[in-house]
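Here is what each chain is made of, one letter per residue.
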Amino acid sequence: MVGERSDIFGFAPVHDAPIPYLQRVSTYYQALGYGQPYAWAHYAAVPFQALARPLSECRVTIITTAAPYQPDKGDQGPGAPYNAAAKFYSVYSADTDDEHDLRIAHVAIDRTHTTAEDLGSYFPLAALRRAAISGRLGSIAPRFHGLPTNRSHRVTLEIDCPEIVARCTADAVDAAILVPNCPVCHQSVGLAARTLEENGIATVVMGCAKDIVEYVGVPRFLFSDFPLGNSAGRPNDRSSHDVTLDLALATLERAPAPRTTVQSPLIWGATPDWKLDYCNIERLSPDEIRQRRAAFDAQKETARAIREQAPG
């Protein structure tokens, strides 16, 4: 009956909807044998800071969950497998006037449908520079900031978010664009956006995991229905980078109230079938589940060792 109605009325496929990451990730890790599902951050009340001046007069920064390339930490290139050795555990900052080699091999992007080959698809500094040159915004802050992808709500809220606020305040930032990559990244930037807004800095999240960001509760969200790892646009498609950033800036300017979500009109490809794969336990055999459990255990041990050695 559903198929018949789709043919008659031109309905989209049932799975052509935002991926339910909260449900998928929970089911996936329970099937791998990790017990109780992760408790995602969730708020009812959401802070909201309107821009203090026109965007054309504002200083804007980027908050990213991408990591600086570390050549001694294994494969981090396009198509690299998940690499916990490349993680970082403290907020970092870098000069926006410089060129940077940032990677996302350390987080759980959609490795089946994207390769992280194009920095512009997950770190919109080049697009932000073009927007600044055009006069769309006043200026780019002297630094952008890296936010750790931390499953610990306490560490994110009590350590990482206050540090992000302190650095943005020191740079006299008016607004921040937060760009996550993996599921937990979307939670982390959601918490950071809330904290920035509570401290007088307007924010917009550019992301691909709609349910996670909206569940946390943020002031402004530009949703791109793309595989994780492409929050700033399609790879090797400069026009999509510019369109995505411009939509984020428009959301930053015009959102009337907290919990404003705008969906990008851009699509990933000819079919939505890519949405069926990410963390979908129904598509994995028992052998694949066992292999993934073993691989994840090994990566957890690597991450634990690095975390214990990290300063602070």
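Located above this text is the structure these notes cover.
Attention here is on the structure that accompanies the text.

Quick notes on the rules
Within each chain, residue numbers correspond to sequence positions counted from 1 in written order. Per-residue local features of the predicted model are confined to residues with pLDDT of at least 70, and side-chain atom pairs are confined, for both listing and counting, to 80 or more; whole-chain, interface and lining totals are unaffected and use all residues. Water and hydrogen atoms play no part in the side-chain values, which are based on all heavy atoms of the structure. By definition, any uninterrupted DSSP run of H or I lasting at least four residues is a helix, any uninterrupted run of E lasting at least two residues is a strand, and each is numbered from the N terminus. Taken over C-alpha atoms, the radius of gyration is set against a globule rule of 2.2 Å times the number of residues to the power 0.38. Three exposure classes are used, based on accessible area relative to the maximum for each residue type with a 1.4 Å probe and protein chains only: buried under 20%, partly exposed in between, and exposed over 50%. By the convention used here, residues are in contact when the closest approach between their heavy atoms is within 4.5 Å. The Shrake-Rupley method, run with a 1.4 Å probe, gives the accessible areas here. Residue values count only the displayed protein chains as cover. Charged-residue counts in this description rest on Lys and Arg as positive and Asp and Glu as negative, His and the chain ends being excluded. Charge coordinates come from a single atom per side chain, which is NZ of Lys, CZ of Arg, CG of Asp or CD of Glu. Every axis corresponds to a line fitted to the C-alpha atoms, with the helix fit spanning only the stretch in contact, and the corresponding angles, defined between N-to-C directions, vary from 0 to 180 degrees. Angle categories: roughly parallel below 35 degrees, roughly antiparallel above 145, roughly perpendicular from 65 to 115, and oblique for all the rest. The crossing is said to be left-handed when, going from far helix to near helix, the turn is anticlockwise and less than a right angle, and right-handed when the turn is clockwise. We call Asp, Glu, Lys and Arg charged. Ala, Val, Leu, Ile, Met, Phe, Trp, Tyr, Cys and Pro are nonpolar, and the rest, Gly among them, are polar. Whenever two N or O atoms come within 3.5 Å, that pair is a polar contact, provided that in protein one can donate a hydrogen and the other can accept it, and provided that, for residues adjacent in sequence, both atoms are side-chain atoms. By definition, no residue in a patch forms a salt bridge, and every one has over 30% relative accessible area; like charges are joined within 9 Å, nonpolar side chains (Val, Leu, Ile, Met, Phe, Trp, Tyr) within 5 Å. Salt bridge, as applied in this entry: a Lys or Arg side-chain nitrogen positioned within 4 Å of an Asp or Glu carboxyl oxygen. Residue types Ala, Val, Leu, Ile, Met, Phe, Trp, Tyr and Cys, when buried and joined through side-chain atoms within 4.5 Å, form a set referred to as a nonpolar core. Strands pair, by our definition, only if DSSP identifies at least two bridges between them. Whether a crossover is right-handed depends on one test, that the path from the first strand over the helix to the second runs clockwise when the strands point away from the viewer. Side-chain rings of Phe, Tyr and Trp (the six-membered ring for Trp) are treated as a pair once their centres are within 6.5 Å; stacked means planes under 30 degrees apart, edge-to-face means over 60, and tilted covers the remaining angles. Look at NZ for Lys and CZ for Arg. If either is within 6 Å of the ring centre and within 35 degrees of the ring normal, a charge sits over the ring.

1. Some words on the overall build of the chain
Argument step 1. Along its length, the chain carries eight helices and 10 strands.
Argument step 2. Computed over its C-alpha atoms, the radius of gyration of the chain comes to 19 Å, within 12% of the 20 Å expected for a compact globule of 312 residues.
Argument step 3. Considering only C-alpha atoms, the chain reaches an extent of 60 × 55 × 40 Å along its principal axes.
Argument step 4. The burial tally for the chain puts 50% of its 312 residues in the buried class.
Argument step 5. Taking the intrachain contacts of the chain between residues at least 6 apart in sequence as the baseline, contacts between residues at least 24 apart amount to 78%.
Argument step 6. Surface exposure of the chain reaches about 13,900 Å², of which carbon and sulfur atoms provide 52%.
Argument step 7. Taking the average place of the 30 positive charges on the side chains of the chain and the average place of its 36 negative ones, the gap between the two points comes to 3 Å.

2. Here we look at the packing of helix H4 (residues 153-170) against helix H5 (residues 183-198)
Argument step 1. For the pair H4 and H5, interaxial distance at closest approach is 9 Å and the crossing angle is 50°. The orientation of H4 with respect to H5, classified from their angle, is oblique. Crossing of H4 against H5: the hand is right-handed. On H5, the residues that touch His 153, Thr 156, Leu 157, Cys 161, Ile 164, Val 165 and Cys 168 of H4 are Gln 187, Ser 188, Leu 191, Ala 192, Thr 195 and Leu 196.
Argument step 2. Of the residues that constitute the contact of H4 with H5, the class distribution is eight nonpolar, five polar and no charged.

3. Notes on unusual backbone geometry
Argument step 1. In this structure, Ala 116 is a non-glycine residue whose phi angle is positive, near 60°.
Argument step 2. On the secondary structure map, Ala 116 appears in the loop between strand S4 (102-103) and helix H3 (125-133).
Argument step 3. The class of Ala 116 is buried, set by a relative accessible area of 16%.

4. Topic: the environment of Thr 61
Argument step 1. When you line up the elements, Thr 61 lands in strand S1 (residues 59-64).
Argument step 2. Accessibility expressed as a relative area gives 1% for Thr 61, which makes it buried.
Argument step 3. Contact partners of Thr 61, with chain neighbours within four places excluded, come to Ala 141, Arg 143, Phe 144, His 145, Cys 168, Val 173, Ala 175, Ala 176 and Ile 177.
Argument step 4. A distance of 2.7 Å separates the side chain of Thr 61 from the backbone oxygen of Arg 143, its partner in a polar contact.

5. Describing a nonpolar patch on the surface
Argument step 1. A contiguous nonpolar patch, built from Ile 8, Phe 9 and Phe 11 and spanning about 370 Å² of accessible area, is present on the exposed surface.
Argument step 2. Within the element layout of this structure, Phe 11 appears in the loop between helix H1 (2-9) and helix H2 (21-31).
Argument step 3. Given the relative accessible area of 48%, Phe 11 is considered partly exposed.

6. Details of the pattern of salt bridges
Argument step 1. Here the structure, examined in full by the defined rule, presents 17 salt bridges.
Argument step 2. Residue Asp 16 pairs with Lys 275 through a salt bridge whose shortest N-O separation is 2.8 Å. Residue Asp 16 is found in the loop between H1 and H2, and its partner Lys 275 is found in the loop between strand S10 (260-263) and helix H8 (286-309); the two are separated by 259 residues along the sequence.
Argument step 3. Its salt-bridge partner being Arg 130, residue Asp 242 comes within 2.9 Å of it at the nearest N-O pair. Taken together, the residues span a long stretch of sequence, with Asp 242 in helix H7 (residues 238-254) and Arg 130 in helix H3 at a distance of 112 residues.
Argument step 4. The class of Asp 242 is partly exposed, set by a relative accessible area of 28%.

7. Digging into the nonpolar core
Argument step 1. Ranked by size, the top nonpolar core spans 57 residues in total, and within it Leu 55, Val 60, Ile 177, Leu 245, Leu 249 and Leu 252 carry the most contacts.
Argument step 2. With 24 residues, the next largest nonpolar core counts Ile 63, Leu 147, Cys 161 and Val 173 among its residues.

8. Thoughts on the pairing of strand S8 (residues 202-207)
Argument step 1. Most of S8 sits inside the fold, with six of its six residues counted as buried.
Argument step 2. The alternating pattern of S8 places Ala 202, Val 204 and Met 206 on one face and Thr 203, Val 205 and Gly 207 on the opposite face, and all of these are buried.
Argument step 3. Pairing between strand S7 (residues 175-179) and S8: four bridges, direction parallel. Along S8, the bridge assignment pairs Ala 175 with Ala 202.
Argument step 4. As a crossover connection, the stretch from S7 through H5 into S8 is right-handed.

9. Describing H2
Argument step 1. Every buried residue of H2 is accounted for by Tyr 21, Leu 22, Arg 24, Val 25 and Tyr 28.
Argument step 2. Against H5, helix H6 (210-216) and H8 lie the buried residues of H2.
Argument step 3. Two residues or fewer after H2 comes Gly 33, characterised by a positive phi angle close to 100°.

10. Brief notes about the packing of aromatic side chains
Argument step 1. According to the stated counting rule, one finds 12 aromatic pairs in the structure shown.
Argument step 2. Consider the rings of Phe 221 and Phe 223, whose centres lie 6.1 Å apart with planes at 45°: the pair is tilted. The residues Phe 221 and Phe 223 share a single accessibility class, namely buried.
Argument step 3. For the cation-ring pair, Arg 194 lies above Tyr 43, with the distance from its terminal atom to the ring centre recorded as 3.7 Å.
Argument step 4. Across the ring face of Tyr 34, the terminal group of Arg 293 is positioned such that the distance to the ring centre comes to 4.0 Å.

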